[in-house]
Amino acid sequence: MPCKCGAIKMGDAELPNYFVNAQTLAPLEHVRMQAAAQKWIDSSISKTINCPEDISFEAFKDVYMAAWDQGCKGCTTYRPNAVTGSVLSVSEEGEKAPEADTGADVVYISEPLSRPEALEGQTYKVKWPDSEHALYITVNDLLLNGHRRPFEVFINSKNMEHFAWTVALTRMISAVFRRGGDVSFVVEELKAVFDPRGGAWVDGKYIPSILAAIGGVIEHHMVVTGFLSGEGMGLKSDPQAEVVNLQESRGGACSSCGQFDLRMVEGCMTCGSCGFSKCG
């Protein structure tokens with residue numbers, strides 16, 4: 001029957017095949033959607049590309065190659081598995097979203113995991129060269145189906161300069177962890193943060209920012225507890241690391257994005273972060 005708005009309800013009729021959800025859309029179609037948006041956005045964007053659990057290595061590799069070929073600046077994939085679970089789940093009871101009566105499967109975000117009275121965890125000390133006081137990072141784990149998984153994070157320091165952002169970071173990371181699923185992307189995002197003022201050398205390794213150092217600690221904890229099979233690809237290379245550390249002056253900031261990443265390209269000062277050029 002027609003509704004008040006004039007549209008016709010489909011009832012239990014099957015929807016056309018072009019009505020898809022995040023789980024039924026093919027991985028390469030996810031990439032095409034992201035690439036279509038990336039074309040009109042200067043900064044890097046990313047979306048979760050849902051992959052089936054039984055995806056082959058070659059097909060998985062093709063996702064990243066397609067993202068590269070189509071001009072994407074970031075790419076995040078998700079493949080559910082028995083150990084880390086699934087972020088998205090389909091209602092088995094056939095529940096319908098509010099004010100919807102399509103008869104199709106509805107995808108819900110999993111409910112946050114409840115916190116037990118006591119949790120096992122570990123506290124790590126991080127001494128950042130530019131800070132007088134150390135950071136103390138505590139990662140608590142939840143035992144789920146015989147496996148330990150990160151559940152919450154606390155970051156403390158006597159340096160009050162860090163108070164606001166450390167509180168915000170702990171709340172955000174803990175909220176993500178409590179959603180379950182594969183949360184290893186948190187490590188990847190933190191380790192990819194570069195400080196335009198330059199990073200620091202810690203134990204013979206260049207760390208691009210204090211946030212990247214926190215990401216490295218969380219990754220180490222995930223490896224030790226067995227949540228990850230091993231350390232990832234490592235910190236992303238920073239081609240400007242030596243330049244930033246050796247230069248006495250950072251020079252001017254980009255008038256478009258504010259980053260200290262101006263360089264001479266074909267006779268014109270160009271920003272390496274956003275691509276802005278006065279000659280353009």
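The preceding data block contains the structure.
The following refers to the structure shown. (Residues numbered from 1 in each chain as written. Predicted model: local features only at pLDDT ≥ 70, side-chain atom pairs only at ≥ 80, totals over all residues. Heavy atoms only, no water.)

Reading across from one edge, β5-β6-β7 is the order of the 3 strands in this open sheet, with antiparallel pairing throughout. Taken across any chain shown, the strands that pair with only one partner, and hence form the sheet edges, are β5 (120-126) and β7 (147-156). Averaged over all pairs of adjacent strands, the angle between their axes in this sheet comes to 25°, without regard to strand direction. In this structure, β5 lies alongside strand β6 (residues 135-144), joined through 7 bridges in antiparallel fashion. If you follow V126 over to β6, its bridge partner there is L135. (Pairing = 2+ DSSP bridges. Helix = DSSP H or I, 4+ residues; strand = E, 2+ residues; numbered from the N terminus. Axes fitted to C-alpha atoms, helices over the stretch in contact; angles between N-to-C directions.)

Here we come to helix α5 (residues 210-224). With 15 residues, α5 ought to run about 21 Å at 1.5 Å a step, and its terminal C-alpha atoms sit 21 Å apart, in line with that. Buried within α5 are the following residues: I210, A212, A213, I214, G215, V217, I218, E219, H221 and M222. Lining the buried residues of α5 we find β5, β6, β7, α3 (163-177), α4 (185-191) and β9 (205-207). Following α5 by one or two positions, G226 has its phi on the positive side, about 90°. (Expected span 1.5 Å × (residues − 1). Buried < 20%, exposed > 50% of the residue type's maximum accessible area, 1.4 Å probe, protein only. Contact = heavy atoms within 4.5 Å.)

This part is about the pairing of β6. Among the 10 residues in β6, 7 count as buried, and that is most of the element. Examined bridge by bridge, β6 and β7 share 9 bridges and lie antiparallel to one another. Residue V139 lies in a different strand from β7, and its bridge partner there is V153. The hairpin turn running from β6 into β7, its antiparallel successor, is 2 residues long, and N145 in that turn takes a positive phi close to 55°.

Mapping L142 onto the fold places it in strand β6. Considered as a pair, L142 and R115 are 27 residues apart in the sequence and their alpha carbons are 8.2 Å apart. Sequence-distant contacts of L142, that is, excluding residues within four places in its chain, are made with L113, P116, L119, H147, R148, R149 and F151.

Mapped onto the elements, W68 comes out in helix α2 (residues 57-69). On the basis of relative accessible area, W68 is assigned to the exposed category, the value being 67%. For the pair W68 and V31, spaced 37 residues apart in the sequence, the C-alpha separation amounts to 9.6 Å.

Nothing here speaks to function; it is geometry throughout.
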